[in-house]
Every structure is written in C-alpha cells, then in structure tokens.
Amino acid sequence: MDNKRKPLKRHEALHSLSHHHMIALHLSLKMRRAGTDKEMLPVHELIQEAEAFWNPDGLIHFREEEEILLTAYAQYANVDEIPEIQEMLMEHVNIRALFDCLFRAAEPSLDTIHKLGEMLEKHVRKEERVIFPMIEKALPEDRLQEVKPYLH
Ligand SMILES: [Fe+2]
Ligand SMILES: [Fe+2]
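The model shown is predicted, which means the values in this text are computed figures rather than measured ones. (Residues numbered from 1 in each chain as written. Chains lettered and ligands numbered in written order. Predicted model: local features only at pLDDT ≥ 70, side-chain atom pairs only at ≥ 80, totals over all residues.)

(A) Expanded view of helix 4 (residues 110-138). Spanning 29 residues, helix 4 covers 40 Å between terminal C-alpha atoms, matching the ideal 42 Å at 1.5 Å per step. Those residues of helix 4 not exposed but buried are Ile-113, Leu-116, Gly-117, Leu-120, His-123, Val-124, Glu-127, Ile-131, Phe-132 and Ile-135. Lining the buried residues of helix 4 we find helix 1 (15-33), helix 2 (43-73) and helix 3 (83-104). (Helix = DSSP H or I, 4+ residues; strand = E, 2+ residues; numbered from the N terminus. Expected span 1.5 Å × (residues − 1). Buried ≥ 20, exposed ≤ 12 C-beta atoms within 10 Å, placed from the backbone. Contact = placed C-beta atoms within 7 Å.)

Right, dumping it as structure tokens:
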C-alpha cells in the first residue's frame, strides 16, 4: 500500500473555484479561532475580511457552482440520488443565511462566527474531496472546456 497522500489533481476548468476554496479555508480558520487564545485578528477586522470575501466573490462562487457546474453535472448524473449534492445545496442556503446574519448584526456573536467558520470549512472540504472529483469524472472533456470560461 502506498501511504503517501497524492495531491488532488484538479481539472483546469475548476482551478479558479479551487483557488477560491483556499481563501475560504483561510477565512474559516480565522473564524473558528475568533475569541479564543489562538485568535488571529480582532473580530471587527475579521468581519471586514469576511465582507470582502463574501461580497461579491463568495456570492458569485455559489451562483457559479449552482448555475453553471451543477446544471452541467445534472445532465450526466442522476443528482436526485446523490446525497452530497442535496447537502451541498442546503449548505449554500445555510451559509448564505449566516453571512447575511453576520453582516446585519450590530454585535455579531462569537457563536455565529464559529458556526459559520465550521460550516464553511466542512462545505469546502466536501466539494474538494467528494463533489469536484465526481464532476470531473462525469463530465466529458469538451463539456469541462465549455464551462471553464464561466467559472471564476
Ligand atoms: Fe459551494
Ligand atoms: Fe465551492
């Protein structure tokens, strides 16, 4: 058995989404550590960083995954029978709601920040480890090339 972990090979069409995932993971770590002894930056700065991350890039990222990627994928797979896809969509709804809640709050609670950080991390890891590999496998090369310019 080869125990060496092979780096994930991402199709070039998904490179920009994967790059954005890295940024999301950095933010999620800062969120999960907020208010703890491992805090990386003051909460008000973290909220500013979260806003810069989310509006508009995060919002656009979610839309592209739903409107471009899943629209293509649903033509090659029975998405009704893939629980990870249902979970992914529900996570989009819940993460959108939590970001909105965070930005509307006069005093954002650490609970909300931690919850959002955890959800974001779990979501990104699921897309990277499970969902993107399924999509790369299911979509023919020409279809991947076709969606590429629409994913930023
Ligand atoms: Fe997503
Ligand atoms: Fe994503």
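Next comes the rest of the description.
(B) Layout of the nonpolar core. Ranked by size, the top nonpolar core spans 14 residues in total, and within it Met-31, Leu-116 and Leu-120 carry the most contacts. Elements represented by at least two residues in this core include exactly helix 1, helix 2, helix 3 and helix 4. The greatest single-element share of this core, amounting to 4 residues, is contributed by helix 4. With residues near it in sequence (within four places) discarded, Met-31 still touches Leu-46, Ile-113, His-114, Leu-116 and Gly-117. With 11 residues, the next largest nonpolar core counts Leu-69, Met-88, Ile-131 and Ile-135 among its residues. (Core = buried A, V, L, I, M, F, W, Y, C linked by C-beta atoms within 7 Å.)

(C) Focus on the packing of helix 2 against helix 3. As a packed pair, helix 2 and helix 3 sit with axes 11 Å apart at the nearest point and diverge in direction by 155°. One element, helix 2, and the other, helix 3, form an angle in the roughly antiparallel class. In this structure, the crossing between helix 2 and helix 3 has a hand that is left-handed. Residues Ile-47, Ala-50, Glu-51, Trp-54, Phe-62, Glu-66 and Leu-70 of helix 2 lie in contact with helix 3, whose contacting residues are Ile-85, His-92, Arg-96, Phe-99, Leu-102 and Phe-103. (Axes fitted to C-alpha atoms, helices over the stretch in contact; angles between N-to-C directions. Parallel < 35°, antiparallel > 145°, perpendicular 65-115°, else oblique. Left-handed = near helix turned anticlockwise from the far one by under 90°.)

(D) Representation of the environment of His-92 within the structure. With respect to the element layout, His-92 can be found in helix 3. Taking the C-beta count within 10 Å as the criterion, His-92 has 16 such neighbours and is therefore assigned partly exposed. Note: C-alpha distance between His-92 and Leu-120 (28 residues apart in sequence) is 9.3 Å. Once residues within four sequence positions are removed from consideration, His-92 is found in contact with Phe-62 and Glu-66.

(E) Fine view of the packing of helix 1 against helix 4. Contact pair helix 1 / helix 4: the axes reach a minimum separation of 8 Å and the direction vectors enclose 150°. Considering the angle they form, helix 1 stands roughly antiparallel to helix 4. For the element pair helix 1 and helix 4, the recorded crossing hand is left-handed. Residue-level inspection shows Ser-18, His-21, Ala-24, Leu-25, Leu-27, Ser-28, Met-31 and Arg-32 of helix 1 in contact with helix 4, the latter providing Ile-113, His-114, Leu-116, Gly-117, Glu-118, Leu-120, Glu-121, Val-124, Glu-127 and Glu-128. Looking at side-chain class alone, the contact of helix 1 with helix 4 contains 8 nonpolar, 5 polar and 5 charged residues. (Nonpolar A, V, L, I, M, F, W, Y, C, P; charged D, E, K, R; others polar.)

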